[in-house]
Amino acid sequence: MSDAENIDKGRFARLYEDVYTGASEWRTLGAIDKAKNIVALCSALPHDRIVEVGAGDGAILQRLSELGFGAELTALELSHSAVETIRRRKIPAVVGAVEYDGAHFPFPSSRFDLAIISHVLEHAEEPRLLLYEAARVAQFVFVEVPAEDTFRLEWDHHDEERMGHINFYSPTTIRRLCQTCGFEVIAQRLTNTSRAVYQALQKEPLATVKYVIKETAMRLLPCIAVRVWNYNASLVMRKGLVNCAPDL
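Residues numbered from 1 in each chain as written. Predicted model: local features only at pLDDT ≥ 70, side-chain atom pairs only at ≥ 80, totals over all residues. Heavy atoms only, no water.

(A) Highlighting the overall build of the chain. When you go through the chain residue by residue, the secondary structure sums to nine helices and seven strands. When each of the 248 residues of the chain is scored for burial, the buried share is 48%. Sequence separation of at least 24 residues holds for 73% of the intrachain contacts in the chain that already meet a minimum separation of 6. Total accessible area on the chain stands at roughly 12500 Å², and carbon and sulfur atoms take up 54% of it. (Helix = DSSP H or I, 4+ residues; strand = E, 2+ residues; numbered from the N terminus. Buried < 20%, exposed > 50% of the residue type's maximum accessible area, 1.4 Å probe, protein only. Contact = heavy atoms within 4.5 Å. Areas by Shrake-Rupley, 256 points an atom, 1.4 Å probe, with all protein chains shown as cover.)

Here's what the structure looks like:
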């Protein structure tokens, strides 16, 4: 039995084991906006040594490498197929792609300047544990989640919907989750998917109209807009003065 097979992974984690068979066009497109938010919130912070938790096929790391953001990029993934995909991509700034059990990071404390958790917490069985581990291994932590907790969110959960999402956040609830894990929020932003990416991903005649409506609503009436449409909520944080993490 291989080391990968020996890793104990949760029930939901196993769903992603064979998802990644190579670089995907939609993940590459989505990485443009995700990397932009990382750079916008983290460029003034130390970011030479970066680890991305739940790096998928490496699309965000590829984009960060192209932008020259971070001297040493490390991918952390629970999916063996994802790790192999990232290694095959041979991203210039990536110094390692590491498989783990979905909970405990195989790194010493304070190994990194910045940990990135982008569009991962909505998939995680133990989101607090991921945040605690990120705080242990990095000085700063960037988190982004889709703000899907709107009035249109269905009452009941269906496993086949929303690409494996099992946690649903609003800009307020993700902020409070991070704060109750002992983080000090340095900055937070709410963003809409960019026009070019939205049009490419939606591939429908009314994509531009929908984009303009969402963008205008977000700028004029953000409190109402986030109750109606999905946006992206991004935060960058540092460990607070009180360590709320349990002994692991």
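(B) Spotlight on helix α2 (residues 25-42). The end-to-end C-alpha distance of α2 is 26 Å, a good match for the 26 Å that 18 residues give at a rise of 1.5 Å each. Roughly 30 degrees is the biggest bend found in α2, and it falls at A31. Those residues of α2 not exposed but buried are R27, G30, A31, D33, A35, N37, I38, L41 and C42. Elements in contact with the buried residues of α2: α3 (59-67), β4 (112-118), β5 (138-147), β6 (183-191), α7 (195-202) and β7 (231-239). (Expected span 1.5 Å × (residues − 1). Bend = angle between axes of the 7 residues up to and from the residue.)

(C) Representation of the pattern of salt bridges. Using the criterion set out here, one finds seven salt bridges in the structure. A salt bridge links E66 to R63; its shortest N-O distance comes to 3.4 Å. Linking E66 with R63, this pair stays in helix α3, spanning three residues, or about one helical turn. For E66, a relative accessible area of 52% translates into the label exposed. Across the pair E184 and R238 runs a salt bridge whose closest N-O atoms are separated by 3.1 Å. Residue E184 is found in strand β6, and its partner R238 is found in strand β7; the two are separated by 54 residues along the sequence. A relative accessible area of 35% means that R238 is categorised as partly exposed. (Salt bridge = Lys/Arg side-chain N within 4 Å of Asp/Glu carboxyl O.)

(D) Examining unusual backbone geometry more closely. For K90, which is not glycine, the phi torsion reads 50 degrees and is therefore positive. Positionally, K90 belongs in the loop between α4 (80-89) and β3 (94-99). You can call K90 exposed: its relative accessible area is 68%.

(E) Highlighting the environment of E184. Judged by relative accessible area, which is 39%, E184 ranks as partly exposed. When the C-alpha positions of E184 and V236 are compared, they lie 8.7 Å apart, and in sequence the two are 52 residues distant. When near neighbours in sequence (up to four residues on either side) are disregarded, E184 contacts V236, M237, R238 and G240.

(F) Seen up close, the sheet that holds β4. Read across the open sheet, the seven strands follow the order β3-β2-β1-β4-β5-β7-β6; overall the sheet is mixed. One side of each edge strand has no neighbouring strand; the edge strands of this open sheet are β3 and β6. Each strand axis lies, on average, 20 degrees off the axis of its neighbour in the sheet, ignoring direction. (Pairing = 2+ DSSP bridges. Axes fitted to C-alpha atoms, helices over the stretch in contact; angles between N-to-C directions.)

(G) Region of interest: the environment of Y132. The residue Y132 is located in helix α5 (residues 127-137) in this model. Judged by relative accessible area, Y132 falls into the buried class, the value being 12%. For the pair Y132 and A103, spaced 29 residues apart in the sequence, the C-alpha separation amounts to 9.7 Å.

(H) View of α3. What α3 keeps buried is the set A59, I60, L61, Q62, L64 and S65. Those residues of α3 that are buried are in contact with α2, β1 (49-53), β2 (72-77), α4, β3 and β4. Two residues or fewer past α3, G68 is found with a positive phi of approximately 70 degrees.

(I) Representation of the packing of α7 against helix α8 (residues 207-220) within the structure. It is at 9 Å that the axes of α7 and α8 come closest, and there the two elements cross at 135 degrees. It follows from the interaxial angle that α7 and α8 lie oblique. With respect to the hand of their crossing, α7 and α8 are arranged in right-handed fashion. Every residue of α8 that contacts α7 at R195, Y198, Q199 and Q202 is listed here: A207, T208, K210, Y211, V212 and K214. (Parallel < 35°, antiparallel > 145°, perpendicular 65-115°, else oblique. Left-handed = near helix turned anticlockwise from the far one by under 90°.)

(J) Structural detail: the packing of aromatic side chains. Taken as a whole and judged by the stated rule, the model has two aromatic pairs. For the ring pair Y100 and F105, a centre distance of 5.5 Å and an interplane angle of 80 degrees mean the geometry is edge-to-face. A relative accessible area of 5% places Y100 in the buried class. Residue classification places F105 among the buried residues on the basis of a relative accessible area of 5%. Judged by centre distance (5.0 Å) and plane angle (90 degrees), the rings of F107 and F112 are edge-to-face. When sorted by exposure, F107 lands in the same class as F112, which is buried. Directly above the ring of F112 sits R111, whose terminal nitrogen or CZ lies 4.7 Å from the centroid. (Phe/Tyr/Trp six-rings, centres within 6.5 Å; stacked < 30°, edge-to-face > 60°. Lys NZ or Arg CZ within 6 Å of the ring centre and 35° of its normal.)

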